[in-house]
Amino acid sequence: MVAERTRRVEISGIRRMFEAAPPNAINLGLGEPDFDPPPEVVASLCRAVQNGGNHYGPSAGLSALREKIAQRYADRDPSTVRENVIVTASGSEALMTVALTLYDPGDEVLVPNPGFVLYAPHAKLAGATPVYYPLVEKQKFQPDLDVLEQLVTPKTKAIVVNSPSNPTGAMFPESTVERIVEFANRRRLTIISDEVYEDIVYTGKFASFWGRGERTIVVNSFSKTFAVTGWRLGFLVASKALAVELNKIHYHIMACPPTPAQVAVLAGYEAGDEATRAMVQEFRARRSIVDRLLRAMPGVSVVPPAGAFYVFPRIDWDGSATETAQALLARGVITTPGDAFGSLGASHLRLSFATSRAKLRAGLEIVRDYGVERSAR
Ligand SMILES: Cc1ncc(COP(=O)(O)O)c(C=O)c1O
């Protein structure tokens, strides 16, 4: 009864775990900060709702917010203006808008394996074919440019990159960003750079793709920066000409992004980044706890994440990652099996440290006990 494209996409492995979880399970599967949004942001949302800001707004977003985003991007490219920015109803919508705007049936799109769960399904929904490029632990989850070259065909339209990465936490050094830009320019590929974790960085310096490359689209989101995942607000930055095209598709998906949430995040930008910095500081402490506890487990290897709030350990225990995640679920801990992010995640688990230190310790104790049992076999 449903369309062929609907049959071709699967339910996300993350959601499946979540929905099968017993009540009171310790959630190490969370893809969202366990923080409240900054108080100025919440107050501003309430004021907007109380003062009549409950109506449709411009499809590309409120002018003042687009302007503010453009100003924030001016240090990456001084020519960035409001017309380069489209405010979307989440990073997820932004990704779908990009897929439907860019991909034709038959096109090929380079996507990371392992990578965020929407890239490949969105390519398929647009009729394109995802071509997976490997990110392996041995190379600290950094892309191999020689492999990328080999994967390009005359049909390749774009490359999706994500730094810092969900699920690996790896971040590209500036030299890698430059090499990818050189590769994409030479092969005439559009770079779709998902930068939703740019503010959550522990080591090294974040390098944006904006201001580099001949065809670059940045996908971003307020979800993680302001801990407002439920508000559904993100944005795209692209050339002015491409932004006009993206806005057409965005309009047909969403009409316009939510008005009160836009007013609120604008207030958040104006209040400064102290709340985000404090959140990252706490994540940093939890990252150390997780790193220490994982390293003490038998058969586990870890690449410390440079950004985001995930760690992607390789687990060398009896049983697949899915079996491990299911067994842990039965013992009261939610984790995400690495193959939810692609075939190369198959020996990994994704653990989120966006949960309290106490829950992390309790959850990892259960993981360790299970690991000790499975390694002794
Ligand atoms: C890499 C990445 N991109 C995009 C998103 C989408 O974020 P949202 O739709 O909440 O803006 C997420 C959410 O987890 C993500 O991890």
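Calculation rules
Residues numbered from 1 in each chain as written. Predicted model: local features only at pLDDT ≥ 70, side-chain atom pairs only at ≥ 80, totals over all residues. Helix = DSSP H or I, 4+ residues; strand = E, 2+ residues; numbered from the N terminus. Expected span 1.5 Å × (residues − 1). Buried ≥ 20, exposed ≤ 12 C-beta atoms within 10 Å, placed from the backbone. Arc of directions from axis to C-beta. Contact = placed C-beta atoms within 7 Å.

K.L.:
Describe helix 9 (residues 240-254), with residues and values.
P.N.:
With 15 residues, helix 9 should reach 21 Å at 1.5 Å per residue; the first-to-last C-alpha distance of 20 Å fits that figure. The set of residues buried in helix 9 consists of L242, A243, L246, N247 and H250. One face of helix 9 carries all of its buried residues, which in axial projection span an arc of 140 degrees. Set apart from the buried face of helix 9 by more than 90 degrees, the exposed residues are A241, K248 and H252. Against the buried residues of helix 9 lie strand 2 (85-88), helix 5 (91-102), strand 7 (216-221) and strand 8 (234-237).

K.L.:
Could you give me a rundown of the environment of G342, with the residues and numbers involved?
P.N.:
In this fold, G342 is placed in the loop between strand 13 (336-337) and strand 14 (349-352). With sequence-adjacent residues up to four places away left out, G342 is seen in contact with N113, P114, G115 and Y132.

K.L.:
Could you give an account of helix 12 (residues 321-330), naming the residues involved and the relevant values?
P.N.:
The complete set of buried residues in helix 12 reads A321, T324, A325 and L328. An end-on view of helix 12 places all buried positions within 95 degrees of arc, on one side of the element. One or two residues past the end of helix 12 sits G332, with phi positive at roughly 100 degrees.

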